Structures are given as structure tokens and as C-alpha cells.
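# Examining the three-dimensional arrangement
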2 protein chains.
Amino acid sequence: MVTIAITLSYRGSDFAGFARQDDQRSVQGELESALRTLSGSPVETVGAGRTDSGVHAANQVVSASIPRIMVEDIDRLMRSLNALTPADLVVRDVTMQNDGFSARFDARSRTYLYRIAQTGTPPLFMAPYSWYIAHKLDIEAMRQAATYLIGEHDFDSFCVAKSAQELHNNELSTKRHLDHIQIEPEVVMGEKMLSITIQGNAFLHSMVRVIVGTLVEVGLGKHDPSWIGEVLAARDRTEAGQTAPAQGLTLRDVTY
Amino acid sequence: MVTIAITLSYRGSDFAGFARQDDQRSVQGELESALRTLSGSPVETVGAGRTDSGVHAANQVVSASIPRIMVEDIDRLMRSLNALTPADLVVRDVTMQNDGFSARFDARSRTYLYRIAQTGTPPLFMAPYSWYIAHKLDIEAMRQAATYLIGEHDFDSFCVAKSAQELHNNELSTKRHLDHIQIEPEVVMGEKMLSITIQGNAFLHSMVRVIVGTLVEVGLGKHDPSWIGEVLAARDRTEAGQTAPAQGLTLRDVTY
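First, a word on scope: everything that follows refers to the structure included in this document. Owing to the predicted nature of the structure, the values given are computational and were not obtained by experimental measurement. (Residues numbered from 1 in each chain as written. Chains lettered and ligands numbered in written order. Predicted model: local features only at pLDDT ≥ 70, side-chain atom pairs only at ≥ 80, totals over all residues. Heavy atoms only, no water.)

### Section: the pattern of salt bridges
Should the charged atoms of two oppositely charged side chains come close, the side chains can pair. Residue and element names in this part refer to chain A. Under the convention used in this document: Salt bridges are counted wherever a side-chain nitrogen of Lys or Arg sits within 4 Å of a carboxyl oxygen of Asp or Glu. Here a helix means four or more residues in a row that DSSP labels H or I, a strand means two or more in a row labelled E, and each is numbered from the N terminus. Any residue under 20% of the maximum accessible area for its type is buried, any over 50% is exposed, and the rest in between are partly exposed; the area is computed with a 1.4 Å probe on protein chains only.
According to the stated counting rule, one finds 20 salt bridges over all chains in the structure shown. A salt bridge links Arg-235 to Asp-154, with the shortest nitrogen-to-oxygen separation between them at 2.7 Å. Of this pair, Arg-235 sits in the loop between helix H6 (227-234) and strand S10 (249-255) while Asp-154 sits in strand S7 (residues 151-154), placing them 81 residues apart in sequence. Arg-235 gets classed as partly exposed once you look at its relative accessible area, which sits at 44%. Taken together, the shared-partner salt bridges connect Arg-25, Glu-30 and Asp-88 into one network.

Have a look at this one:
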């Protein structure tokens, strides 16, 4: 057996999320099914980020242990995987890794991209990949607010409350380290987007979406940028903004 | 009555083309149906470009004559149109025009964008908006080939043969003037594209797609760039390359 890393892209719209589920269509389920067909026996995979239902990935990384014969022709393995997986999931790369490599535990950082459509009229080409906000957002205020989140903090205000509670019950930390948050206007497919790129060591459940929903409150002028500091200090999910919709979020990169 | 110009975007994938058809879903049909609902009587529209089935538009322009009361609140008219049209058609702008304005006959130039996916593995996010070519294209050769097409030429080699014949039968010209062709690599939604932008005064049926199909033959090294000059001189559709697939093409802009 040999350990591999698979880089894959998917459009999250029609998946019930990354994680394998018994009765629903998942990214992991589709990928493992293709690997099983090729290897002849069940293959378990581990993903770098457990993206929720509706969340996309440009470069998700998955590790797996497969029979050595399957990697003798990597190009052929990739072509076979792409022939066996559905159209909304594309394998981009397969690389050999040292034994024991885990896409999840060896990841040094994850970068997520959240797109807000600032199109004035509803987005069309980017509709499946953005959150449409008709009101013009104050980018400078959002950038200032974002600075409060950089570095190591306890992000339990920015996480599904039940999930934070469960981590705490298991004596696990809700501290995470954010390296940077970039907020840039850009035009994609001819449509005006506000792209929020967030890089950190790891993320709590829904953390990026709650951060975005909270930054948007500032961008709409409902709160001053310094309010984000108060939300962080409160360590209470109910203090933060709404969870931004899944379709705006893309797992962009994972670094090792 | 007052004359208006409507700027609209559409995803061509599920339309049988721009032009109204009795028994199929068309952009013009959907737009006219919404206008009729709002005006209470039939409204005829004229489009700047009769895009084929599967072709997209970022900024198609359509003219129409509607009751003056409908334009008293233009923002409201746009919101109403967007509420009445399907999700794959978005009205971007409505402006008042002088009487007699025709989106088709008053257009000074049209700009089309054709995207070729050079992703190595199949495109995902851009799959509905590009033609995937696995082989790496020679951009410099394609640029050189494109220079032969700039200026005024008889483009009957680059047009559906039956359509050229019909124009000739009616003593109409197949001469058109191309202002420029730009061929640029770009990354859209994280995927490598070769974007071919073609601006001209007007276009024959399938002209952009036959030009792209012919440029691709050069990009693949099947012909030298100067071959394009021979194809142009031959005035024979069978000399040119294949018609590039519809989904890669977007009507980007129309100028007046």
C-alpha cells in the first residue's frame, strides 16, 4: 500500500457536504466510490477541510492509502478517477506521500475565499458562487474590523454554538490562529465581487461564514469596526452576525 | 409610447437562442413575455445580436417601444422585469432612447468573448462557459494568424455556408470589418483560460465560432499562421476550421 494526496475541485451546490453520509450524496462518498472501483476494495479517505453542504472547493486535499499498483501510472489514475466521478467533482492532481501522511492533521494552513456579489442587480454567472448584497458595503470599515481577528484568539463567538460546546466538553480548544484576511473588490465573469480571503491554521465549524456575516454588519454600517473586538471578547455566538450563506464560500487552498 | 434600450445578461445553456421561437424557450420570448405582463399588451423587441442556442451574453442590448407610464420609475421597471424573468436572465439596465432607436441597426460595434479552457484537467466552475482543449495552444501563432482577419474582408469562409448563400442571393454583402482580436491567457474562478476577444462592426452567422475554430487549428500546430490568409481568400466555408462549441461564447458588449 502507498499513501497519496489527491487535490480536487468541486461545485458544492448538489452535495450534502464533503463528509461521507449514509443516505446523501457527498464529495467523500463519490470519491471513495471511484477509488473502490479502481482498487477492488474499500478505500478510506481523509479530507483537509470538512466543507458543509453547498460549499465549493478549488483545491481540497484528501489523503488515502491505496494499492501500489494503482500509482504506477499517475496520469492514468487521474484520468480513471475523472471518468468515474460525477461532473461536479474534478481530480486536479495526485501525488505520492510518505507513509502516515494525513491531509487533515499535516495541513499547516487553510485558505478560504468568500465572494459577496455587489452587482447592483442580481448576479447571473456568479449566482451559484456568491452572496448577493444589494447595498454597497463599506470596504474600509470591513478591513479595519478584520484586523481585530488576526492572530491567535478564542473564536467561540464565531462558531456553531453546539460545536464549540462539544469541543469544550471534550477539553478541546476553540482557539485558532488567523494569518490574514484580505478584502478586495474584483470583477469575475464581468460581475462585481467583494472577495474576502481568510487564511488560518484551522477553522471551527462555520467559522468563515460567521466571520463574513459579522464583517458584513460592519460593512452595512450597523456597527463600528471595533464592535468585532467586543464580539470576540464576549465568547458568545449570539453576539456575532448571521452565518453567511454556504454558496459564497470556496475552500481555495491547503498548505503543508 | 417611448423607446427604451434594455441591457441584459443571460446564461445561454438552457435557451434555444436569443431569437423568439414558437415552440422553444428563447431569451427574446421570455423578455417579451415579461414586458407584455407589465404593459398589458404585446411588446416587440429587437436585439443587437441574435446569439445562437447555448451562447451567453454579459451585455446584450434590446430595444422596445413601451407605454410611457412604464418608464416613470425606471428602477421599479427593472425590479419588476427581474421578478418576472427566469433566473438565467437578468436585466442590468434600462435607458430611454430617441424614437426610432434600434438596438440592432444603430449598433456601431459588437464585442464577443470566447473562452478556451487550458486547465490540463477538465474545467469545473468554468465548464459551462468554455471549450476545453487538453492540448496546450501556441498563443503567439494564434495571435499572428489573427492579424490576417483585422480590417474589412469578405468573411464568407467564416460563416454558415447556407447563410452566406442566402445573403448573396439577396444581393447582401458578407463583408464585415473587424477592429481587433485579443488573445490573452487569464485565470477565471481559479481556472486557466485562453480568452479571445473579437470586436467588429457586425458578424455573420457563427462567424466568431468559425474564427475561433480556425485559430485553434493554428494553435494546435496543424497549420501555419499564414494559412488563415488563404482560408479568407478561398471564400469557401469548407476551407476553415470547425465551428467552436457554443458554450464558450459570450456576447460581451455592444456600442452605439
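### Some points on the interface of chain B and chain A
Filter applied, for reference: Contacts are residue-level and defined by heavy atoms, with any inter-residue pair within 4.5 Å sufficient. Here the quantity called buried area is the accessible surface, traced with a 1.4 Å probe, that two parts lose on coming together, added over both. Pairs of N or O atoms within 3.5 Å make up the polar contacts considered here, provided that, within protein, one atom can donate a hydrogen while the other can accept it, and that residues adjacent in sequence are counted only when both atoms are side-chain atoms. When residues are grouped by polarity, Ala, Val, Leu, Ile, Met, Phe, Trp, Tyr, Cys and Pro land in nonpolar, Asp, Glu, Lys and Arg in charged, and all others, Gly among them, in polar.
Counting residues at the interface gives 25 residues for chain B, matched by 26 residues for chain A. Here chain B packs against chain A, burying approximately 1700 Å² in sum over the two surfaces, 68% of which is carbon and sulfur. Taken as a group, Leu-124, Phe-125 and Met-189 of chain B account for 38% of the area that chain B buries against chain A, more than any other trio of residues on that side. The interface formed by chain B and chain A holds 2 salt bridges in total. Measuring nitrogen to oxygen at the nearest pair gives 2.6 Å for the salt bridge that ties Glu-191 of chain B to Arg-92 of chain A. Our count for the contact surface shared by chain B and chain A stands at 6 residue pairs in polar contact (both at pLDDT 80 or more). The set of elements that each furnish at least two residues to the side of chain B that touches chain A consists of strand S1 (2-10), strand S3 (56-66), helix H2 (74-84) and strand S4 (89-97) of chain B. Sorting elements by how many residues they give to the side of chain B that touches chain A places S4 of chain B first, with 4 residues. Tallied by class, residues from the side of chain B that touches chain A come to 16 nonpolar, 4 polar and 5 charged.

### Some points on unusual backbone geometry
Residues and elements named next belong to chain A. A positive phi angle, close to 55 degrees, is found at Glu-171, a residue other than glycine. Structurally, Glu-171 can be placed in the loop between helix H4 (161-169) and strand S8 (175-188). When its relative accessible area of 75% is taken as the criterion, Glu-171 is described as exposed. The residue Met-189 is not glycine, and still its phi comes out positive at about 55 degrees.

### Quick notes on the relation of the copies chain B and chain A
Note the following rule: Least-squares superposition aligns the copies on the C-alpha atoms of those residues with pLDDT at or above 70 in both.
By a simple turn and slide, chain B fits onto chain A: the slide is 0.0 Å along the axis, the RMSD is 0.0 Å, and the turn is 180 degrees. Seen this way, the second copy is the image of the first under a two-fold rotation axis. Among all residues of chain B, the minimum C-alpha distance to the rotation axis is found for Val-188 of chain B, at 3.4 Å. Counting the interface residues of chain B, we find that 100% of their copies in chain A are interface residues as well, pointing to one common contact surface.

### Considerations on the pairing of strand S1 (residues 2-10) of chain A
Within a regular strand, side chains alternate between the sheet's two faces. All names here are of chain A. Worth spelling out the cut-off: Here, a strand pair is defined by DSSP locating no fewer than two bridges between the strands.
Judged by how many residues are buried, S1 sits mostly within the fold: 9 of 9 residues are covered. Side chains Val-2, Ile-4, Ile-6, Leu-8 and Tyr-10 project from S1 onto one buried face, and the interleaved Thr-3, Ala-5, Thr-7 and Ser-9 project onto a second face that is buried too. Taken together, the 8 bridges between S1 and strand S4 (residues 89-97) define a ladder with antiparallel strand orientation. For Ile-6, the partnering residue across the bridge sits in S4 and is Val-94.

### Some thoughts on helix H6 (residues 227-234) of chain B
Residues and elements named next belong to chain B. This is how it is decided: Taken from the helix axis, the directions to the C-beta atoms give the arc we talk about.
Residues of H6 that are buried: Trp-227, Ile-228, Val-231 and Leu-232. Take H6 and look down its axis: the buried residues cluster within an arc of 145 degrees, on one side only. Structural note: H6 exposes Glu-230 and Ala-233 on the side pointing more than 90 degrees away from its buried face. Structurally, H6 contributes buried residues whose contacts are with helix H3 (139-147), strand S7 (151-154) and helix H5 (207-219). At the exit of H6 stands Arg-235, carrying a positive phi of roughly 50 degrees.

### Regarding the side chain of Thr-197 of chain A
Inspection of the secondary structure puts Thr-197 of chain A in strand S9 (residues 191-200). Since its relative accessible area comes to 8%, Thr-197 of chain A is described here as buried.

### So, helix H5 (residues 207-219) of chain A
Residue and element names in this part refer to chain A. To keep it simple, the criterion reads: By this rule the span expected of a helix is its residue count minus one, scaled by 1.5 Å.
Helix length check: H5 (13 residues) gives 18 Å between terminal C-alpha atoms against 18 Å at 1.5 Å per residue, within 8%. For H5, a buried count of 13 out of 13 residues is recorded, marking the element as mostly surrounded by other parts of the structure. Positive phi appears at Gly-221, one or two residues downstream of H5, with a value of about 80 degrees.

### Quick notes on the packing of aromatic side chains
Our working rule: Aromatic contacts are taken between Phe, Tyr and Trp rings whose centres are within 6.5 Å, Trp giving its six-membered ring; a plane angle under 30 degrees counts as stacked, one over 60 as edge-to-face, and the others as tilted. Consider the ring centre and the ring normal. A charge sits over the ring if Lys NZ or Arg CZ is within 6 Å of that centre and within 35 degrees of that normal.
Under the definition given, this model contains 13 aromatic pairs over all chains. Of the aromatic side chains, those joined through ring pairs into one cluster are Tyr-10, Phe-15 and Phe-18 of chain B. Here the guanidinium or amino end of Arg-25 of chain A rests over the ring plane of Phe-15 of chain A, the centre of that ring lying 4.1 Å away.

### Regarding the packing of helix H1 (residues 27-39) of chain A against helix H2 (residues 74-84) of chain A
Residue and element names in this part refer to chain A. Just so we agree on the cut-off: For helices, the fitted line uses only the C-alpha atoms of the stretch in contact; every axis is such a line through C-alpha atoms, and the angle between N-to-C directions lies from 0 to 180 degrees. Roughly parallel here means an angle under 35 degrees, roughly antiparallel means over 145, roughly perpendicular means 65 to 115, and every remaining angle is called oblique. Each crossing gets its handedness from the near helix: less than a right angle anticlockwise from the far helix is left-handed, clockwise is right-handed.
Where H1 meets H2, the axes come as close as 9 Å, and the angle between the chain directions of the two elements is 125 degrees. Judged by the angle between their axes, H1 and H2 are oblique. Between H1 and H2 lies a crossing whose hand is right-handed. Between H1 and H2, the residues in contact are Ala-34, Leu-35, Thr-37 and Leu-38 and Leu-77, Ser-80, Leu-81 and Leu-84, respectively. Considered class by class, the residues forming the contact of H1 with H2 number 6 nonpolar, 2 polar and no charged.

### Structural notes on a negative patch on the surface
To be explicit about the condition: Residues enter patches when their relative accessible area tops 30% and they take part in no salt bridge; the joining distance is 9 Å for like charges and 5 Å for the nonpolar side chains Val, Leu, Ile, Met, Phe, Trp and Tyr. In these tables, accessible area is a Shrake-Rupley quantity obtained with a 1.4 Å probe, and a residue counts as shielded only by the protein chains included in the view. Under the convention used here, Asp and Glu are negative, Lys and Arg are positive, and both His and the chain ends fall outside the count. For the purpose of locating charges, the reference atoms are NZ of Lys, CZ of Arg, CG of Asp and CD of Glu.
On the surface, Asp-224, Glu-230, Asp-236 and Glu-239 of chain A cluster together into a negatively charged patch. Mapped onto the secondary structure, Glu-230 of chain A falls in helix H6.

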